[in-house]
Amino acid sequence: MKLLIDDADIAKIKEIYRYYPIDGVTTNPSILAKSGRQPYDVLAEIRSFIGAEADFHVQVIARTAEGMVEDAHRIVKELGQNTFVKIPSVPEGFRAMQILTSEGIRTTGTAVYTPMQAYLAAKSGASFVAPYINRIDNMGFDGIHVAKEIQDIFRSNGMATQILAASFKNSQQVLELCRYGVGSATVSPDVINSFLKNAAIDAAVDAFVADFEGLTGKGKTMATC
Ligand code: G3P
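These remarks concern the structure in this document. Everything numeric in this text was worked out from a predicted model, so none of it was measured.

Rules behind the numbers
Each residue is numbered by its place in its chain's sequence as written, counting from 1. In keeping with the model being predicted, local features are shown solely for residues with a pLDDT of at least 70 and side-chain atom pairs are shown and tallied solely at 80 or more, while totals for entire chains, interfaces and linings include all residues. Excluded from the side-chain calculation are hydrogens and water; included are all heavy atoms of the structure. Any residue with a heavy atom lying within 4 Å of a molecule or strand is counted as near it. Think of a polar contact as two N or O atoms within 3.5 Å of one another; within protein, one of them needs to be a possible hydrogen donor and the other a possible acceptor, and neighboring residues in sequence only count if both atoms come from side chains. With residues, only the protein chains shown are counted as cover, and all accessible areas are computed by Shrake-Rupley using a 1.4 Å probe. A cavity here means a set of 1 Å grid points, computed over protein atoms only, where a 1.4 Å probe fits but cannot escape. A pocket is an open set with protein on both sides within 12 Å along at least 5 of 7 lines, and lining residues have an atom within 4 Å of a point. Being in a pocket or cavity means that more than half of the molecule's atoms lie within 2 Å of its grid points. Residue polarity follows a fixed list, in which Ala, Val, Leu, Ile, Met, Phe, Trp, Tyr, Cys and Pro are nonpolar, Asp, Glu, Lys and Arg are charged, and the others, Gly among them, are polar. The pairing criterion for strands is at least two bridges between them, as found by DSSP. Every helix listed is a DSSP run of H or I at least four residues long, and every strand listed is a run of E at least two residues long, numbered separately from the N terminus. A fitted line through C-alpha atoms serves as each axis, taken over the contacting stretch for helices, and the angle formed by two N-to-C directions is quoted from 0 to 180°. In this description, contact between two residues means that some pair of their heavy atoms is separated by no more than 4.5 Å. Three labels apply to residues, based on accessible area from a 1.4 Å probe with only protein chains included: buried if under 20% of the type maximum, exposed if over 50%, partly exposed otherwise in between. Orient the strands so they point away from the viewer; a crossover is then right-handed if the path from the first strand over the helix to the second runs clockwise.

**Regarding the site of the ligand**
Logical step 1: Lining the immediate surroundings of the ligand are Asp 6, Asn 28, Lys 86, Tyr 132, Arg 135, Ala 166 and Ser 167.
Logical step 2: Between the ligand and Arg 135 there is a distance of 2.7 Å, counted from an oxygen atom to a side-chain nitrogen or oxygen.
Logical step 3: Interatomic distance of 2.7 Å between a side-chain N/O atom of Ser 167 and an oxygen atom of the ligand.
Logical step 4: Calculation on the ligand without its partners gives an accessible area of 310 Å², and the protein chains cover 75% of this total.
Logical step 5: Judged by the fraction of its atoms near the pocket grid, the ligand is located in the largest pocket.
Logical step 6: Its residues assigned to classes, the shell around the ligand comprises two nonpolar, two polar and three charged.

**Focus: the sheet that holds strand S2 (residues 24-26)**
Logical step 1: Judged by pairing direction, the barrel is parallel, and its eight strands sit side by side in the order S1-S2-S3-S4-S5-S6-S7-S8 before closing back on the first. The sheet shows a mean angle of 30° between the axes of neighbouring strands, direction not considered.
Logical step 2: Here strand S1 (residues 2-6) runs beside S2; their pairing, made up of three bridges, is parallel. Directly across from Leu 4, in S2, lies its bridge partner Gly 24.
Logical step 3: Against the sheet, helix H8 (residues 143-156) contacts strand S5 (107-112), strand S6 (128-131) and strand S7 (162-165), and its axis sits at roughly 165° relative to S7.

**Quick word on the pairing of strand S4 (residues 83-88)**
Logical step 1: Across the six residues that make up S4, a large majority, six, are buried.
Logical step 2: Side chains of S4 alternate between two faces, with Thr 83, Val 85 and Ile 87 and Phe 84, Lys 86 and Pro 88 buried alike.
Logical step 3: Bridge analysis of strand S3 (residues 55-59) against S4 gives four bridges, and the strand direction is parallel. Bridge pairing links Val 58 to Val 85 in S4.
Logical step 4: With helix H4 (residues 65-79) bridging S3 and its parallel neighbour S4, the resulting β-α-β unit is right-handed.
Logical step 5: The sheet contact formed by S4 and S5 spans four bridges and is parallel. In the strand pairing of S5, Lys 86 is matched with Thr 108.
Logical step 6: The parallel pair S4 and S5, bridged by helix H5 (residues 91-102), forms a crossover whose chirality is right-handed.

Shown next as structure tokens:
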């Protein structure tokens, strides 16, 4: 499963990249709004940092298929061919996905709350579909179950479309989908930082260092003992 960062804060993106093997970045219009910067300024900076080959998912704003296609052309022109254009999985969006697929532009069907949306986005040529796990949970349904159902539909129909699971509130949700073999998960920096919040891990590492320093002296390491 690929692991992406769901944020546009360049400092947070850099910090996460420093420690973890990350495959790319996703943004949405609300995330861009939080940055307070002009959209293409922040997006270009992210692209430059993650490199031309990394997965980058950037969303259209227009409400008509023709407008979405125009948005997509600009997004790919500014941010490169390896950019997946996120398109809401609504009727105008399905039409835009079909047009863009015929042009060789890769799309991600987003705002997915139901398996039917995912199925139609896949049929329309989307490379990814993005079910919103936590938002589905908050509606009183089971987001993980919806994502698994989408994965089953793709597998049993031989569809190449992959899941880009989004909207996570904890590491267990991410692991559950990793176990199920979904293609990608995009996760906020806060939740990524919580992956290893575990007192037992810190205590184990501290004890190893203390034992070694007891043997060799304070501050000594395998390089300096
Ligand atoms: O792009 C959709 C996804 O990022 C939503 O996440 O945390 O706003 O529900 P969240």
